[in-house]
There are 2 protein chains.
Amino acid sequence: MLNKKEVAKAYQEIQQSIVEGLTALDGGAIFEEENWERPGGGGGRSKVIQNGALIEKGGVNFSAVEGKLPDAIKKAFKTDKEDFFATGVSIVLHPHNPWVPIIHMNIRYFEMQTGDDTLQWFGGGIDVTPHYVVEKDAKFFHQQLKNTCDQFNKEFYPKFKTWADDYFFIKHRQETRGIGGIFYDRLTPANTELSWEQILEFSKAIGNSFLPIYTELVKSGREKTYTPAEKQWQYQRRSRYAEFNLVYDSGTKFGLETDGRIESILMSMPPMASWVYDFKAEPHSKEAETLSLLKKGINWV
Amino acid sequence: MLNKKEVAKAYQEIQQSIVEGLTALDGGAIFEEENWERPGGGGGRSKVIQNGALIEKGGVNFSAVEGKLPDAIKKAFKTDKEDFFATGVSIVLHPHNPWVPIIHMNIRYFEMQTGDDTLQWFGGGIDVTPHYVVEKDAKFFHQQLKNTCDQFNKEFYPKFKTWADDYFFIKHRQETRGIGGIFYDRLTPANTELSWEQILEFSKAIGNSFLPIYTELVKSGREKTYTPAEKQWQYQRRSRYAEFNLVYDSGTKFGLETDGRIESILMSMPPMASWVYDFKAEPHSKEAETLSLLKKGINWV
């Protein structure tokens, strides 16, 4: 059996190594740390960067919380289990340069139990939201995810890629949030052909793939110059990101409904975003091209 | 009995007179008109202004739609009525100058029926979201609303003022969206001591109060100079407005869930908004003072 404290410890180490890597990558600002405790049990460590050289706003959050299962969660999961434990790392980074994509990663482990009767699973994913889709970068990104997934189960990448397409979908705009990535939930030995220890290793591998992947995407875009019009386009793409997070994202909705720590829940929100009425991209412009690629089912590898 | 076409006609005239008044008030841009039809029946006229001299982004929308009651509405209203008719005017204005408040107004009439069996009611309200609360303006605003309400029923203002406090509340921030105003719904002769014709007159009076009220608020603020820091504060207040509309506003949620016309539903979104992690206003600053006034139950008259 898994030891939940070891899962939390592994996740906290991943947070630390990502924060160190991103601090070096940014080169202009450091992450501010905030430790918080949850009244009902457990707590977390938020690491937030604002106005860096590379990152305009971003957070790398760790939490490990436990206690009595709140009624809202019981209802959402249709369970009568009494206690819960949840740990995870969540990242959202909004870069200054519109040629560097927004990135999001989450790895999480959840347990709920009554006495010895325990339900447990892993969830998570990585997805990327380019302001301008760069085909080479999109292919690289998906190939890296596939490489990591394939080490554990050849069915993971195609399954989790489709899951991400479906999950990161802005229904009222009929567009995907970005170029997707992978999304998975409720992983157990019963549905993965892996042991609990192997699923933990998979979860850690996803966490550890974050830094090399984002480093490469940053390298591709950060030196590109951009115009005020391209910056405005970035603001408009960010407004879609805000719409997704406030209207659809399960974690955000769940946090708002269960009176979670509001600044941690909404650290994913963009530093600046713009809504333009009825914007129409110029035909054949790079903005139009990007919009044409915000759909499900594109095979990038 | 009311004639629904006459209600719609009255509302469309109110839209037209407000658009004319706001065009003169703005002085720098005109409203663009878009007429649209609803596949199931009816349609609307959107009037949108962007980058005016006064108004950074705003819309004055009229619609009159009808047809088979969509299943989502049946479920929301817990009814098995078959047909519906809905007409209304909706306004949201985001001014450039942070010393001029955001304003929102809505007047609406709704019918649903099966054969001759009809349910019908009026709803609406006006509320104001100052980026900086100016006490004189807040008092003026609420006094005007009270004056209009008092002409119809002395119980309206206190009741509808409390209703607005409760409705325009950002639960996850534990703050009101602004200084409130009035909000009412499901008005019928049975709960107003007015005839249907008198309720229509009340609804029109609210609509017609909009322009003189906003003209006065604009006059108070538009000539004030402002710093980049004050503009940034406006962006931050607008992000709360975006949060309210996407997370709580019934009309927005309803529109998104029933595949409404997305640009009309989201015309209320701010032209530019900013999320700052864990912002703390300086003690005793005017930002802190405004935050201290974003709570329920303040008696402005």
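Predicted model only: the values in this text are computed from it and were never measured.

Quick notes on the rules
- Residues numbered from 1 in each chain as written.
- Chains lettered and ligands numbered in written order.
- Predicted model: local features only at pLDDT ≥ 70, side-chain atom pairs only at ≥ 80, totals over all residues.
- Pairing = 2+ DSSP bridges.
- Helix = DSSP H or I, 4+ residues; strand = E, 2+ residues; numbered from the N terminus.
- Axes fitted to C-alpha atoms, helices over the stretch in contact; angles between N-to-C directions.
- Buried ≥ 20, exposed ≤ 12 C-beta atoms within 10 Å, placed from the backbone.
- Expected span 1.5 Å × (residues − 1).
- Bend = angle between axes of the 7 residues up to and from the residue.
- Contact = placed C-beta atoms within 7 Å.
- Parallel < 35°, antiparallel > 145°, perpendicular 65-115°, else oblique.
- Left-handed = near helix turned anticlockwise from the far one by under 90°.
- Nonpolar A, V, L, I, M, F, W, Y, C, P; charged D, E, K, R; others polar.

Residue and element names in this part refer to chain A. One open sheet accounts for seven strands, arranged E1-E2-E3-E4-E5-E6-E9; its pairing is antiparallel. Edge positions in the open sheet fall to strand E1 (32-37) and strand E9 (181-187), since each of these has one partner strand only. Averaged over all neighbouring strand pairs, the angle between strand axes comes to 5°, with direction disregarded. Both strand E2 (residues 42-50) and strand E3 (residues 55-68) contribute to a ladder of nine bridges, which runs antiparallel. Bridging from a neighbouring strand, Ile49 pairs with Gly58 of E3.

Below, the discussion takes up the pairing of E3 of chain A. Residues and elements named next belong to chain A. When you tally the buried positions in E3, you get 10 out of 14 residues, the bulk of the element. Connecting the antiparallel pair E2 and E3 is a turn made up of four residues, with Asn51 showing a positive phi of about 55°. By the bridge criterion, 13 bridges tie E3 to strand E4 (residues 83-95) in an arrangement that is antiparallel. Counted as the bridge partner of Lys68 is Asp83 from E4.

In this section: helix H6 (residues 196-221) of chain B. The periodicity of an α-helix, 3.6 residues per turn, causes residues three or four places apart in sequence to face the same way. All names here are of chain B. The terminal C-alpha atoms of H6 lie 38 Å apart, and with 26 residues this matches the ideal 38 Å at 1.5 Å per residue to within 8%. Largest kink in H6: about 30°, centred on Phe210, with the proline Pro212 one to four residues after it. Of all the residues in H6, the buried ones are Ile199, Leu200, Phe202, Ser203, Ile206, Gly207, Phe210, Ile213, Tyr214, Leu217, Val218 and Gly221.

Moving on, we get to unusual backbone geometry. Residues and elements named next belong to chain A. For Glu193, which is not glycine, the phi torsion reads 60° and is therefore positive. Tracing the backbone through its elements, the reader meets Glu193 in the loop between helix H5 (189-192) and helix H6 (196-221). Judged by C-beta crowding, with 10 C-beta atoms within 10 Å, Glu193 ranks as exposed.

All names here are of chain B. Strand order across the open sheet formed by seven strands is E1-E2-E3-E4-E5-E6-E9, with antiparallel pairing between neighbours. With partners counted over all chains shown, the strands left at the sheet margins are strand E1 (32-37) and strand E9 (181-187), one partner each. When strand polarity is set aside, the average angle formed by the axes of neighbouring strands in this sheet is 5°. The strands touched by helix H4 (residues 156-167) are strand E6 (117-129) and E9; relative to E9, the strand with the most contacts, the crossing angle is about 100°.

All names here are of chain B. At their nearest, the axes of helix H3 (residues 135-150) and H6 sit 10 Å apart, and the two run at 165° to each other. As the angle between them shows, H3 and H6 are arranged roughly antiparallel. Seen from above, H3 lies across H6 with right-handed handedness. For the pair formed by H3 and H6, the contact residues are Asp137, Phe140, Phe141, Gln144 and Thr148 on the first element and Ala205, Ile206, Ser209, Ile213, Glu216, Leu217 and Ser220 on the second. Residue composition of the contact of H3 with H6, grouped by class: six nonpolar, four polar and two charged.

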